[in-house]
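# Structural characterization, general
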Amino acid sequence: MHEASLVSALAENLLELKRREGARRILKFKVEIGELSGVDPEAFRLAYEVLRDNLPDLREAEMELSLVPARFRCENCGASFPGDYLAPCPDCGDLEKVALAGEELLLREVEMEV
Amino acid sequence: MCESCGCGERTLRIEVAEGLLSTNERLARENRAWFERLGVRVVNLVGSPGAGKTSLIEATVKALNDLRVAVIEGDPETRRDAERLSRLGIPVAAVTTGGVCHLDARMVHRAFHALEDLRPEILFIENVGNLLCPADFSLGEDLTVVVLSVTEGEDKPEKYPQAFRRARALVLTKVDLLPYVDFDTEKVAELARRINPALKVFPLSVKTGEGLSPWLDFLRSLL
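## Topic: the packing of aromatic side chains
In total, this model carries 9 aromatic pairs over all chains according to the counting rule given. Lys97(A) extends its terminal NZ or CZ atom over the ring of Phe72(A), reaching a point 5.5 Å from the ring centre.

## Comments concerning the interface of chain A and chain B
By a frequent convention, interface size equals the accessible area lost on bringing the separate parts together. Between chain A and chain B, the residue contacts involve 35 residues of the former and 34 residues of the latter. Note on chain A versus chain B: buried area summed over both sides is about 3,100 Å², and carbon and sulfur give 57% of it. Broken down residue by residue, the surface that chain A buries against chain B is led by His2(A), Tyr85(A) and Leu86(A), which jointly contribute 22%. For the pair chain A and chain B, the number of links is 3 salt bridges. A salt bridge links Glu15(B) to Arg108(A); its shortest N-O distance comes to 3.0 Å. The interface formed by chain A and chain B contains 14 residue pairs in polar contact (both at pLDDT 80 or more). Of all the elements in the fold, those that place two or more residues in the side of chain A that touches chain B are helix H1 (2-21), strand S5 (97-101) and strand S6 (105-113) of chain A. Its residues placed into classes, the side of chain A that touches chain B shows 21 nonpolar, 5 polar and 9 charged. The pairing of S6(A) with strand S1 (residues 11-19) of chain B spans 7 bridges and is classified as antiparallel.

## Observations concerning the confidence of the model for chain A
Parts of the prediction with low pLDDT should not have their coordinates interpreted in detail. Taken as a whole, chain A shows an average pLDDT of 94; of its residues, 99% reach a score of 70 or greater. Per-element confidence in chain A is highest for strand S3 (residues 71-74) of chain A, whose mean pLDDT is 98, and lowest for H1(A), whose mean pLDDT is 91.

## Re helix H4 (residues 105-113) of chain B
Residues and elements named next belong to chain B. Within H4 the residues assigned to the buried category are Ala105, Met107, Val108, Ala111 and Phe112. Taken end-on, H4 shows its buried residues confined to a sector of 155 degrees, consistent with a single buried face. Contact partners of the buried residues in H4: helix H1 (22-38), strand S3 (69-75), strand S4 (92-96) and strand S5 (122-126). For H4, the N-terminal cap is aspartate 104; the gap from its side-chain oxygen to the backbone nitrogen of arginine 106 is 3.1 Å.

## Describing the sheet that holds strand S2 (residues 41-46) of chain B
Residue and element names in this part refer to chain B. Taken together, 7 strands build an open sheet; the order of strands is S4-S3-S5-S2-S6-S7-S8 and the sheet is parallel. Every interior strand has two partners, whereas the edge strands, S4 and strand S8 (200-203), have only one. Looking at each pair of strands side by side, their axes are set apart by 20 degrees on average, direction ignored. Running over the sheet, helix H8 (residues 212-221) touches S2, S5, strand S6 (143-149), strand S7 (169-173) and S8 and is turned about 140 degrees from S8.

## Concerning the packing of H1(B) against H4(B)
Residues and elements named next belong to chain B. H4 packs onto H1 with a crossing angle of 30 degrees between their chain directions and a minimal axis gap of 8 Å. It follows from the interaxial angle that H1 and H4 lie roughly parallel. For the pair H1 and H4, the contacting residues are Thr23, Asn24, Leu27, Ala28, Asn31, Trp34, Phe35 and Leu38 in the first and Ala105, Arg106, Val108, His109, Phe112 and His113 in the second. When grouped by side-chain class, the residues that make up the contact of H1 with H4 number 8 nonpolar, 5 polar and 1 charged.

The rules behind each value
- Residues numbered from 1 in each chain as written.
- Chains lettered and ligands numbered in written order.
- Predicted model: local features only at pLDDT ≥ 70, side-chain atom pairs only at ≥ 80, totals over all residues.
- Heavy atoms only, no water.
- Phe/Tyr/Trp six-rings, centres within 6.5 Å; stacked < 30°, edge-to-face > 60°.
- Lys NZ or Arg CZ within 6 Å of the ring centre and 35° of its normal.
- Contact = heavy atoms within 4.5 Å.
- Buried area = accessible area lost by both parts, 1.4 Å probe.
- Salt bridge = Lys/Arg side-chain N within 4 Å of Asp/Glu carboxyl O.
- Polar contact = N/O pair within 3.5 Å; in protein donor to acceptor, adjacent residues only side chain to side chain.
- Helix = DSSP H or I, 4+ residues; strand = E, 2+ residues; numbered from the N terminus.
- Nonpolar A, V, L, I, M, F, W, Y, C, P; charged D, E, K, R; others polar.
- Pairing = 2+ DSSP bridges.
- pLDDT = per-residue confidence, 0-100.
- Buried < 20%, exposed > 50% of the residue type's maximum accessible area, 1.4 Å probe, protein only.
- Arc of directions from axis to C-beta.
- Axes fitted to C-alpha atoms, helices over the stretch in contact; angles between N-to-C directions.
- Parallel < 35°, antiparallel > 145°, perpendicular 65-115°, else oblique.

Pasting the structure below:
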């Protein structure tokens, strides 16, 4: 269900861009999903396919989906490392960290016929 | 690409780099500004169905009877929880999401119109019972609180890290049932703090009243 809400937000963004650019059709677009986002890429793709079948404006639009690996920076020593939210810093063992990558749910690029 | 044939069609590629939820985030910022203008503190409660969110609100509202409190109650299908809270004599705005698994900023905005004139000091938003989806949808709240009951198992922080990462506090409910379940509150608190070191943890029971005071003090400290 979660993925359904996300793809409908995606469709709104795409249709808005199509309108803004006065495009005839959307050919292709790229979406980036961070591995920390909690979004399942397969469920996302399935939800998109269901939505696309119901939206004539997107019928020909091909989605390129990429998964962005997680990357953190340690707040204590500044080291950069992969892992998940539970992972301590491999250098100093501290738990305070900021996510540099992996939280994104992003529409990166759109290709349209104008 | 059709530029060579002379039919006039061409392909336009634009870099967007915008969050899928950017519309919700914009609306959430507008909500936040609105709440700040009115001086209302907003607490977003998330947790599984049956975690005890409505009971926690009931007990909290009764104890904070010197404050003006209002509630936005999110429910996929019914208004039952909203009716339950209305009986306490506090203003409640019900949002029936029609099966949607979370509240979003737009729903909260519409619901708050009914409560705005009452000038609440604290607004509790009871999100739809779900530990996964609400984490992605900012509502303009001051803080998110995860409500987790001791009957749900110790593995929840690991399974749903996004909710714990975004929360400021974790309320562990139904601690009166601890003798009957395998649930180590210390262990869960430690696990949750590995995800979010700043997380405040409040183990309590609304049935016995145990642990309620630190939670109420925490809420008062927000005002």
